[in-house]
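# Report on the structure
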Amino acid sequence: MNKLECIKLSKSFMVNNETLNVLSNVNIQINESEKVAISGKSGAGKSTLLHIMAGLDMPSSGIVTYNNSNFLNISLNSLSKIRLLNFGFVYQFHHLLDDLTIEENISIPAMLNGSYNKNTKNKIHKLMKKLNIHDRKNHLPWKLSGGEKQRAAIARALTNNPKFLFLDEPTGNLDIDNASIIQDILIDISDNYGVALITATHDNEFIKAFNKVFELSNAKLNELK
Ligand SMILES: Nc1ncnc2c1ncn2[C@@H]1O[C@H](COP(=O)(O)OP(=O)(O)OP(=O)(O)O)[C@@H](O)[C@H]1O
Ligand SMILES: [Mg+2]
């Protein structure tokens, strides 16, 4: 069973010569196939916590481990490998590369880990069909709607069959209908393929679908469900 664990995590930033404590003594453990929601007001530290859990940023103090690897003790190369082989990340604002087509964007993780071949290409086509963006595969991102871009970002995060999928407000910029389409797809992927979802969201409807719900407030993480 794959497991991600954060022990006594703290994170602070220096802003105008003052220390801003964003996370203070945060503990959380996430097992494979769990669905975990992180809620909290704007500025509460949701993105900061997701970035640290996914190994994209380091805590000021505390420990993050994936199985037996402590992110603070391993080389950057080993950390990159853990991320590439186990994690997918969907950013708050999709982060698709503007001068690559949708299919090329989605293929990047497989190209980076050297697994891109005919089978992967077929798999990526299936993924694009599932996420209903296959007919836009040759377009550049700017031609797509917000919902289509977000679905492309989700497809890209799923290319390497991640065991843990981090989503930073994946439906925050979408209307109710498009948000609900994407939320159903994410829950379906987690339930059918055992992918853990770690999602920052303040959408109360979406939150109902999660096994565990946490709230960040005053730099502390409290379990609500
Ligand atoms: N690199 C940084 N340097 C300085 N301050 C930062 C940095 N990153 C985040 N912050 C600050 O830390 C706090 C938490 O930011 P974060 O983006 O994690 O909040 P959030 O809960 O994701 O908010 P939102 O719901 O608006 O996305 C904010 O006050 C933010 O300005
Ligand atoms: Mg955020």
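See the structure printed just above.
Note that the structure is a prediction, hence the values are computed from the model and not measured.

### Observations regarding the overall build of the protein chain
For the protein chain, the count of helices and strands is seven helices and ten strands. The C-alpha radius of gyration of the protein chain comes to 17 Å, within 12% of the 17 Å expected for a compact globule of 225 residues. Across its three principal directions, the C-alpha atoms of the protein chain cover 50 × 40 × 40 Å. Here the protein chain, with 225 residues, has 40% of them falling under the buried criterion.

### Brief notes about the sheet that holds strand β7 (residues 164-168)
Spatially, the six strands line up as an open sheet ordered β6-β7-β8-β3-β9-β10, and their pairing is mixed. At either margin of the open sheet sits one strand with a lone partner, and together these are β6 (87-90) and β10 (220-223). The sheet shows a mean angle of 20° between the axes of neighbouring strands, taken without regard to direction. One ladder, built from four bridges, connects β6 with β7; its direction is parallel. Looking across to β7, one finds that F89 is bridged to F166. Together, β3 (35-39), β7, β8 (196-200) and β9 (212-217) form the strand contacts of helix α1 (residues 46-53), whose direction differs from that of β8 by roughly 150°.

### A few points about unusual backbone geometry
Within the chain, N17 stands out as a residue other than glycine whose phi angle is a positive 65°. With respect to the secondary-structure elements, N17 resides in the loop between β1 (3-15) and β2 (18-31). The exposure class assigned to N17 is exposed, which follows from the 5 C-beta atoms found within 10 Å. The residue E169 is not glycine, and still its phi comes out positive at about 45°. When you line up the elements, E169 lands in the loop between β7 and α6 (176-193).

### Considering the nonpolar core
Among the nonpolar cores identified, the biggest contains 52 residues, and M53, A155, F166 and I198 are the most heavily contacted of them. Among the elements that take part in this core, helix α5 (residues 146-158) stands out by supplying six residues, more than any other. Setting aside anything within four residues of it in sequence, one finds A155 in contact with I106, L127, M128, L131 and I133.

### Considerations on the packing of helix α3 (residues 102-112) against α5
As a packed pair, α3 and α5 sit with axes 7 Å apart at the nearest point and diverge in direction by 30°. The pairing of α3 with α5 is recorded here as roughly parallel in orientation. In this structure, α3 crosses over α5, and the sense of that crossing is right-handed. On α5, the residues that touch I102, N105, I106, I108 and P109 of α3 are A152, A155 and R156. Residue composition of the contact of α3 with α5, grouped by class: six nonpolar, one polar and one charged.

Rules behind the numbers
- Residues numbered from 1 in each chain as written.
- Chains lettered and ligands numbered in written order.
- Predicted model: local features only at pLDDT ≥ 70, side-chain atom pairs only at ≥ 80, totals over all residues.
- Helix = DSSP H or I, 4+ residues; strand = E, 2+ residues; numbered from the N terminus.
- Rg over C-alpha atoms; globule rule 2.2 N^0.38 Å.
- Buried ≥ 20, exposed ≤ 12 C-beta atoms within 10 Å, placed from the backbone.
- Pairing = 2+ DSSP bridges.
- Axes fitted to C-alpha atoms, helices over the stretch in contact; angles between N-to-C directions.
- Contact = placed C-beta atoms within 7 Å.
- Core = buried A, V, L, I, M, F, W, Y, C linked by C-beta atoms within 7 Å.
- Parallel < 35°, antiparallel > 145°, perpendicular 65-115°, else oblique.
- Left-handed = near helix turned anticlockwise from the far one by under 90°.
- Nonpolar A, V, L, I, M, F, W, Y, C, P; charged D, E, K, R; others polar.

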